[in-house]
Structure formats: C-alpha cells, structure tokens
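Geometric and topological summary
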Amino acid sequence: MATYKGIKGFKVENVPASPSPLNEGQVWYNTTNNTLDYATVTGVPAGTWSSSNPINRGASEAIGCAQAAPMTTSLIFGGFSAPQYPPGTNAGWTEQYDGTSWATKNTLPTGRAYVGGLGTNTTAICVGGSAFPTSSTTTAFNFDGTNWTAGVALAVSFSGGASWGTSTAGVVAGGNPPNGPAGSQIWDGTSWTATGAMSVGRTESGSSGCGLSTAGIITGGTGPSTAGNVTEFYNGSTWSTASGSITAPVGLRSGMMFGDQSTAMFVGGYIGPTYSSTNQIYDGSAWAEGSDIANGRRNSGRGGGTTSGLIAGGAPSTPPVGTFTEEWSAPSAAVAKTVTVS
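Structural notes, computed from the coordinates. (Residues numbered from 1 in each chain as written. Predicted model: local features only at pLDDT ≥ 70, side-chain atom pairs only at ≥ 80, totals over all residues. Heavy atoms only, no water.)

So, the packing of aromatic side chains
Heads up, the rule is: Between 30 and 60 degrees the pair is tilted, below 30 it is stacked and above 60 it is edge-to-face, where a pair is any two Phe, Tyr or Trp rings, Trp via its six-membered ring, whose centres lie within 6.5 Å. The rule is simple: take the accessible area with a 1.4 Å probe, protein chains only, and divide by the maximum for that residue type; under 20% is buried, over 50% is exposed, in between is partly exposed. Here, over-ring charges are defined by two tests on the NZ atom of lysine or the CZ atom of arginine: distance to the ring centre within 6 Å, and angle to the ring normal within 35 degrees.
Applying the stated rule across the entire model yields ten aromatic pairs. With centroids separated by 4.9 Å and ring planes inclined at 40°, the aromatic side chains of Y97 and W102 adopt a geometry described as tilted. This pair shows no difference in class: Y97 is buried, exactly as W102 is. An angle of 40° between the planes, with centres 4.8 Å apart, marks the rings of F143 and W148 as tilted. Across the pair, W148 and F143 agree in class, each one buried. Every member of this aromatic cluster is reached through a ring pair, and the members are F77, F143 and W148. Positioned over the ring face of Y270 is R298, at 4.4 Å from the centre of the ring.

Structure below.
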C-alpha cells in the first residue's frame, strides 16, 4: 500500500497552525486542534460580481461574442438595437473591452441577432443568426481585430442556439430550425460538419454552452417538460446526459455560461415574465447557487471564464441592462480544510 511519504517523499508535518503560504494538495497535522488538515483551492464559489463601464450602444437578444477571449479582451457583436423584442434594428455593432471600458470597432457586413460566436478578439467568427424578420442563415464572418470578412458557411442554417470554442475548433448546438433544437455542428478550422444530436432538444439556448470542441457542456433552454434544466456533455462527436440539473425554475432559458465540464457557471436567463439574476456554479457533478448578478437579464454578450469574466448588454434593453456591464472575479488562493469522516 502506498504511503504519504512514499508518494510525497516526506512525512506529514506536525505543526501548531496552518503553514504559510499554502499550496494546493499540502497535508499537515494541526497539533493545536488535533486535526488532519489539507490545502485546497476554493475558487469559483467565493466569487463576486461588480459593475463596470457600460457598452456604447445598447443591444439585446443573443449578442454574439468571441467565446474564447479572456475577460480583458472581450469582443461582442450583433444583437437587436432596441427595443427588447422585434421589430427593431438588426445590429451589426462590434465592441471590444480592455479591462476597463468598451471601444467601438468596425461593424458586421450584415446586422443580425441570435448569432453564435467563436474565437478571440483577433480571430473571432460570427456564425449564423437571423436578420429579423428573415429566417436563420448559414453565413459566417471572420474578424481579424480590425475588419470583418466573409467566412466559411455552416452546414445547416443556425440561430438562437449555443456556441463555443476557438477559431479552429468550435461547436454550435440547438436553437431554431433548421439546425433544430437537438442539432449540432462542429468546426475544424476548415469546414462545418453536422455531428451528434443532443440528448435533449432545446431552443432559446443562446450563450448556454461552453468548454472545448471535444469537451463541451450545455444546460438551460426551452425543452420538453423539465428537460431544459438537464446538463449535457459533448465529447467531439456525441452527447450524453451528465449528473446534476440547474436548480432554477423549469424552462429557464437564454442564460450565459462560462467554464468547462469540471467548473462551469450559468448566469441570468429568462422565464416569462421574469429576467433572472441567478448565478449557478457546477463542480463537475452538481449545481449550487453562487453570488447573483445585480441586474436580471438574458442573451447578454460575455467574455472570460469562471475566475475572471463579464456579461454586457442583453434584454431587457432599457437602461441600465441594455448597456450595463458586470464583471465576475473569483479567488484562486488555497485555504485550509479539515479532513472529516462521514
């Protein structure tokens, strides 16, 4: 049988107080409390939201974003200019965040809402969407940090669904026909290919997916019965039901997601007539409530991840939500915990 010394090369320390600094995985015996303690990273659950400078032009209804961009270089594009529901102007606006404020960039060739987004602020792809009142489209546009140009078309028209990944490896899933509530497509940097169907079809799932093209996670959206709250994993070709369902009301849709299969957040959303302020955090097996956002909203632009992220704009389009930015910050410092037996 392996021993701690055999694994680590030294015995467990006997000390009267927690060592400083702490390193994740460190173990010691606290002689004051007579407890076996260890160091772990608390991270996401202890995070908080704070307000930041607003976007320059209020936009709502499935704003696209460069999903792989860090918080300090977030890029958002498209949406409706206002009001919160069509008819409204299909926005081609593009804005980039620098960690403090937003700057306008060159616009999309065609304004549209319910788009998907991949990549970073210098390698973004805007995919699909709907130039209301027309139907979903297969069109894609590429952004190089300055200009938008025509990209590779999707295999099937797509709008109102989830999207995540990089400019060379991404996924779109769910949404409106013809891609459909269960349909998904994968991008390999050269072409789009239809791939496995989700276990649970869901619409109004914009921004409700995150992760890698070979390890994605999705929840929320309008599905049959309670199905929309179910969590699903994607492995690059097929979908499977994962443990844990978000605890928000059944039918919560159009929320924003960050993270991956081991640590994810589901933020905001809508279940008529309420715009949700929920922030639920996933640990790889279950969802639990974290610190809520200040302004309930849906279909916001987003950027960053579970330790440093943001949401911007979204419906309802009336200020401050239509222009409002909120930043998420979560500590990643190690803290002392006691080994318990249950």
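The rest of the description comes next.
Remarks on the nonpolar core
Nonpolar side chains tend to gather and get buried jointly when the protein is soluble and globular. Convention followed: Buried Ala, Val, Leu, Ile, Met, Phe, Trp, Tyr and Cys residues that are joined via side-chain atoms within 4.5 Å together make up what is termed a nonpolar core. Here, residues are in contact when the closest pair of their heavy atoms is within 4.5 Å.
Counting twelve residues, the largest nonpolar core is built from C210, I217, F233, A242, I246, A248, L252, M257, A264, F266, Y282 and W287. Setting aside chain neighbours within four positions, we find C210 in contact with Q67, W164, A215, G216, I217, M257, F258, G259, D260 and A264.

Here's the deal with the pairing of strand β21 (residues 256–259)
Stated formally: Pairing between strands is defined by DSSP: at least two bridges between the two strands are required. Only DSSP runs of H or I with at least four residues qualify as helices, and only runs of E with at least two residues qualify as strands; both kinds are numbered from the N terminus onward.
By the bridge criterion, four bridges tie β21 to strand β22 (residues 264–267) in an arrangement that is antiparallel. Counterpart to F258 in the pairing with β22 is M265. A loop of four residues connects β21 with β22, the two strands running antiparallel in sequence.

Details of the sheet that holds strand β26 (residues 287–289)
Put simply, the rule reads: Here, axes are lines fitted to C-alpha atoms. For helices the fit covers the stretch in contact, and angles between N-to-C directions go from 0 to 180 degrees.
What the four strands build is an open sheet, ordered β21-β22-β25-β26; its pairing is antiparallel. At either margin of the open sheet sits one strand with a lone partner, and together these are β21 and β26. Across the sheet, the mean angle from the axis of one strand to that of its neighbour is 25°, orientation sign disregarded.

Observations regarding the layout of surface pockets
Filter applied, for reference: Put plainly, a pocket is an open set of points on a 1 Å grid over the protein atoms alone with protein on both sides within 12 Å along at least five of seven lines, a cavity is a set where a 1.4 Å probe fits but cannot get out, and a lining residue has an atom within 4 Å of a point. Grid points are joined across faces, edges and corners, and a volume is the space filled by probe spheres set on the points. Here the nonpolar group is Ala, Val, Leu, Ile, Met, Phe, Trp, Tyr, Cys and Pro; Asp, Glu, Lys and Arg are the charged ones; every other residue, Gly included, is treated as polar.
Counted as a void, the largest pocket has a volume near 190 Å³. The wall of the largest pocket is formed by 13 residues, among which V44, P45, I281, Y282 and D283 lie closest to the centre. Broken down by secondary-structure element, the contributors of at least two residues to the lining of the largest pocket are β25 (279–282) and β26. Broken down by element, the lining of the largest pocket gets its largest block of residues, three residues, from β26. When grouped by side-chain class, the residues that make up the lining of the largest pocket number seven nonpolar, four polar and two charged.

Thoughts on the pairing of strand β15 (residues 184–187)
Pairing between strand β14 (residues 170–173) and β15: four bridges, direction antiparallel. Counted as the bridge partner of G170 is W187 from β15. Both β15 and strand β16 (residues 192–195) contribute to a ladder of four bridges, which runs antiparallel. Residue I186 lies in a different strand from β16, and its bridge partner there is T193. Counting the residues that bridge the hairpin from β15 to β16 gives four residues, and of these G189 lies at a positive phi of roughly 95°.

Quick word on a nonpolar patch on the surface
Counted only if it meets this: Surface patches are defined over residues having more than 30% relative accessible area and no salt bridge, joining like charges when they lie within 9 Å and nonpolar side chains (Val, Leu, Ile, Met, Phe, Trp, Tyr) when within 5 Å. All accessible-area figures derive from a Shrake-Rupley calculation using a 1.4 Å probe, and residue coverage is judged against the displayed protein chains alone. Salt bridge, as applied in this entry: a Lys or Arg side-chain nitrogen positioned within 4 Å of an Asp or Glu carboxyl oxygen.
Together, L36, Y38 and V339 line one region of the surface with nonpolar side chains, adding up to about 230 Å² of accessible area. Here V339 lies in the segment after β30 (334–338).

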